Structure formats: C-alpha cells, structure tokens
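Given next are the chains, with one letter for each unit.
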Amino acid sequence: MSKEIMVSGIQPTGTFTLGNYIGAVRGWARLQDEYDCAYFIADLHSLTVRMDPAQLRAQSLEAYALLLSCGLDPEKTLLFVQSHVPTHAEMGWIMSCYTQFGELSRMTQFKDKSAAHADNINAGLFTYPSLMAGDILLYQAHYVPVGEDQRQHLEITRDIAQRINSVCGDVLRVPEAYIPKTGGRVMSLQDPSKKMSKSDENTNAWITIIEDPKVIVNKFKRAVTDSEKEVVFREGKDGINNLMVIYSSVTGKTMEEIEREFEGKGYGDFKVAVGEAVAEELAPVREKYNDLMKNRDYLNEVMKKGDEAAYKISVRTLSKLKKKLGLLV
Ligand code: TYM
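A quick note: this is a predicted structure, and the numbers were derived from the prediction, not measured.

1. What to know about the overall build of the chain
The secondary structure content of the chain amounts to 13 helices and five strands. For the chain, whose C-alpha radius of gyration is 21 Å, the value lies close to the compact-globule estimate of 20 Å for 329 residues. Here the C-alpha coordinates of the chain stretch approximately 70 × 45 × 45 Å along the principal axes. For the chain, buried positions account for 51% of its 329 residues. In the chain, 74% of the contacts between residues at least 6 apart in sequence involve partners at least 24 apart. In the structure as shown, the chain presents an accessible area of about 15800 Å², 50% of it carried by carbon and sulfur atoms. Distance between charge centres in the chain, computed from 41 positive and 45 negative side chains, equals 3 Å.

In structure tokens, the structure reads:
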C-alpha cells in the first residue's frame, strides 16, 4: 500500500523563527519516512505584501537551504519553489472561483494583515486562502502539517474541496490539518499574548533558527514573564507557559518533569536552561545552513529536480479537474 500524503509550505519572508520550527518544519523532517511528503517555499503568497525584489530572491534561496538544514532530505521528500511550478497559480485561479466572498471576509489572517498593511489591501491578500487551498489539493494531501494559526485556512480548504467534489464527483481529497499537540502556537518572548512572528519589529520577541547561541540565551534571559517565582504551567502565566512549551518541545520532557526539575529554583535558572536547550537543538541546523549556502550550485540543482517532479505530480490533478469542470482539454 502506498503511504499517505503530507503537504505544506512556508513563506520566504525572513529566516525561519523558532515558532516556524517547532510548529511546523521540525515535524516535517520527522514525518518524511512515514509519509509521502511535499514541502515548498510559498513565494507567490509573499507577493501579497510588498517586498524588495532582491530581498525576496535572496530569501527564497535561503529558505530553501533552511528546509534542507532542518533535516528534509530531497531524496525522500519533494522540495520545491511554488512559483517554479505553474500548476499552483492555475489551480489557485480555479479555487478562487469556488471560494465565496463571505468566506474570505471572515479569515482572521486577512483581517490582521489588512489592518497591518492598510495602504495595500490587494486582491491577492484577500484570495490568499484560495491559492493555499490549491497548493494542498493539487497533491491529494491527506494531512497538512501546520501551526495553529493556519487552522482556519485548512477549514476553508476542506470546504472548497467538498464544494468542488459535490459539483464534479470525488476529484479532490479532503485534507486534514496536522497540528502538534505541544508547540502549535509558540508565542512572542516579549509579549506572550501574541504569536512569535518574523514580522515583529522587536527583535527580542523572536529567535531565528540560525541565530548565534549567545544571542539565543540572551533573548531567553530577557523573556517577559510575571512577578511570581515558581516554574509551573498554570493559567495566567502566559510567559512561563510559553517557555515551558518551548523547553518541552526541544527536550521531550513533560510539564510535570519540568516543574520538578525547577522546583525551588527561580525564573533566572529556568530561562538560561531553556536558552541553552534551544541553542543546542539548533546548532546542527546552523552548521548545515552555513555549509549549504557555500554551495549554491548544489541548491539550484536539487531545487530544479524538486520543481520538475512537483509539476509532474500536480499536473495530473489539475488536468483531471479542468476536464471535469468543462474546460476544453
Ligand atoms: P508561514 O510562512 O507564516 O509559516 C510557516 C509555518 O510555521 C507555522 N508557524 C508557527 N507555528 C507555531 N508557532 C508560531 N509562532 C508560528 N509561526 C508560524 C505556521 O503555522 C506554518 O505552518 N500560509 C502559509 C504558507 C502556505 C501553506 C500552503 C501552508 C502557503 N500554502 C499550503 C500549508 C499548505 C504561511 O503563511 O505560513
């Protein structure tokens, strides 16, 4: 029996954060033996906000290298760049014709992003979930490994798939979100009521996965907590809860084990321990990334293979769907 299919993407809007890593990318690497996986750099999605072209180009290659650095193996897993595989844009258009204005208006990410970029509320920002649905449905994915913030986009993807299936028979698989139990939403180190995000202007709020170990420890030392002393996972202790989630994700320890480990110790010791554990986890990622960036020919060669393989697979669903919808093929 063939394996079940996993598909996911990440935008090249900056170096991946610890949130991207714990919430998504680390899991992708762990799942690649168990599932048939396809992961891509969602550069078309990044056009919905204004980015300097040279920066977008550089960051896209860097993001591709980061996927490999996090342990994704191009021999096992399909790794490609969304804009290099034209079926995505084409599928995205078809999806947008099966997405309702009202549905898109309810998307919290659209509301947040249009508030943040009030001078550029473009149509692409609005139809972003349709393009994302196409990314997923093209590969007949069973599961989509993402962080908690993408749940709503997965729900709309399922609705679109069901709507299309009701018109043309079971042509698309209806996928499920695959969200980690711990770490699906890593919060800002400076404001634990907000998710950790690369677009946060306060650089102490996030950690990139190739950050210097000393900087990592220092950012954890400065993490905002509360005025109590006990390291316990409890409602209302958002800062400590977030640090405990991070520590648990990188060490595999349970919350009870962590509470026991730091019984009688203060927040200071705990923050240093979290910082050191994160720095240790990320050391091989940084090392591999630095090596890969010295070998751009290799990166371009692997990318080209991934792009071509993704096209071959995705065009099957696209052709089938076009035919069913009445397009002349
Ligand atoms: P993006 O680039 O914002 O984030 C990539 C992945 O990282 C997860 N993530 C987090 N997880 C936990 N805590 C956080 N603080 C955190 N921040 C980010 C995200 O949930 C995501 O899984 N729309 C997508 C890209 C995309 C996509 C797709 C994903 C385009 N097409 C098809 C899946 C399938 C996005 O902007 O992710």
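2. So, the packing of helix H10 (residues 238-251) against helix H12 (residues 267-292)
Contact pair H10 / H12: the axes reach a minimum separation of 9 Å and the direction vectors enclose 40°. In this view, H10 runs oblique relative to H12, as classed from their interaxial angle. Considering the relative orientation of H10 and H12, their crossing is left-handed. Across from Ile-240, Leu-243, Met-244, Ile-246, Tyr-247, Val-250 and Thr-251 in H10, the residues of H12 making contact are Tyr-267, Phe-270, Lys-271, Ala-273, Val-274, Ala-277, Val-278 and Glu-281. Partitioning the contact of H10 with H12 into residue classes produces 12 nonpolar, one polar and two charged.

3. Brief notes about the domain arrangement of the chain
Many analyses report the size of an interface as the accessible area lost when the parts associate. Domain boundaries in the chain define domain 1 (5-183 + 296-324) and domain 2 (203-290). Each of domain 1 and domain 2 was reduced to a C-alpha centroid, and the two centroids are 30 Å apart. With 15 residues of domain 1 at the interface, the matching set in domain 2 holds 18 residues. In total, about 1400 Å² of surface goes out of reach between domain 1 and domain 2, with carbon and sulfur atoms giving 70% of it. Ranking the residues of domain 1 by area buried against domain 2 places Leu-18, Tyr-21 and Ser-69 at the top, with a combined share of 38%. Taken together, the links from domain 1 to domain 2 amount to one salt bridge.

4. Examining the nonpolar core
Of all hydrophobic cores here, the largest spans 63 residues; its most connected members are Leu-18, Phe-220 and Phe-270. Take this core: its biggest share by element is 11 residues, from H12. A domain-level breakdown of this core finds at least three residues from each of domain 1 (5-183 + 296-324) and domain 2 (203-290). If near-sequence neighbours (up to four positions away) are discounted, Phe-270 is found in contact with Val-231, Ile-240, Leu-243, Met-244, Tyr-247, Ile-258 and Phe-262. Ala-38, Phe-126, Ala-133 and Ala-310 belong to the second-largest nonpolar core, a separate cluster that totals 37 residues.

5. What to know about the packing of helix H6 (residues 108-116) against helix H7 (residues 123-137)
Two numbers describe a pair of packed helices, the interaxial angle and the distance between the axes. Two elements in contact, H6 and H7, have axes separated by 10 Å at closest approach and are oriented at 160°. Compared by their axis directions, H6 and H7 come out roughly antiparallel. Where H6 crosses over H7, the handedness of that crossing is right-handed. The segment H6 lies against H7, with Gln-109, Phe-110, Lys-113 and Ser-114 engaging Leu-125, Phe-126 and Tyr-128. Partitioned by chemical class, the residues of the contact of H6 with H7 number four nonpolar, two polar and one charged.

6. A closer look at helix H8 (residues 151-168)
For H8, built from 18 residues, the straight-helix expectation of 26 Å at 1.5 Å per residue is met to within 8% by its first-to-last C-alpha distance of 26 Å. If you check which residues of H8 are buried, you get His-153, Leu-154, Ile-156, Thr-157, Ile-160, Ala-161, Ile-164, Asn-165 and Cys-168. Backbone geometry just after H8 places Gly-169 at a positive phi near 80°.

7. Looking at the site of the ligand
As a structural note, the neighbourhood of the ligand is formed by 25 residues, with Tyr-128, Asp-135, Gly-147, Asp-149 and Val-186 the closest of them. Contacts to the ligand include Tyr-128, whose side-chain N or O atom sits 2.7 Å from a nitrogen atom. In this structure, Gln-150 approaches the ligand through a side-chain N or O atom, which is 3.3 Å from a nitrogen atom. Where the shell around the ligand is concerned, the elements lending two or more residues are strand S1 (5-10), helix H1 (18-31) and H7. In terms of residue class, the shell around the ligand is made up of 11 nonpolar, 11 polar and three charged.

What counts, and where the lines are drawn
Residues numbered from 1 in each chain as written. Predicted model: local features only at pLDDT ≥ 70, side-chain atom pairs only at ≥ 80, totals over all residues. Heavy atoms only, no water. Helix = DSSP H or I, 4+ residues; strand = E, 2+ residues; numbered from the N terminus. Rg over C-alpha atoms; globule rule 2.2 N^0.38 Å. Buried < 20%, exposed > 50% of the residue type's maximum accessible area, 1.4 Å probe, protein only. Contact = heavy atoms within 4.5 Å. Areas by Shrake-Rupley, 256 points an atom, 1.4 Å probe, with all protein chains shown as cover. Lys, Arg positive; Asp, Glu negative; His and termini not counted. Charge placed at Lys NZ, Arg CZ, Asp CG, Glu CD. Axes fitted to C-alpha atoms, helices over the stretch in contact; angles between N-to-C directions. Parallel < 35°, antiparallel > 145°, perpendicular 65-115°, else oblique. Left-handed = near helix turned anticlockwise from the far one by under 90°. Nonpolar A, V, L, I, M, F, W, Y, C, P; charged D, E, K, R; others polar. Domains from an automatic or database assignment. Buried area = accessible area lost by both parts, 1.4 Å probe. Salt bridge = Lys/Arg side-chain N within 4 Å of Asp/Glu carboxyl O. Core = buried A, V, L, I, M, F, W, Y, C linked by side-chain atoms within 4.5 Å. Expected span 1.5 Å × (residues − 1). Near = heavy atom within 4 Å. Polar contact = N/O pair within 3.5 Å; in protein donor to acceptor, adjacent residues only side chain to side chain.

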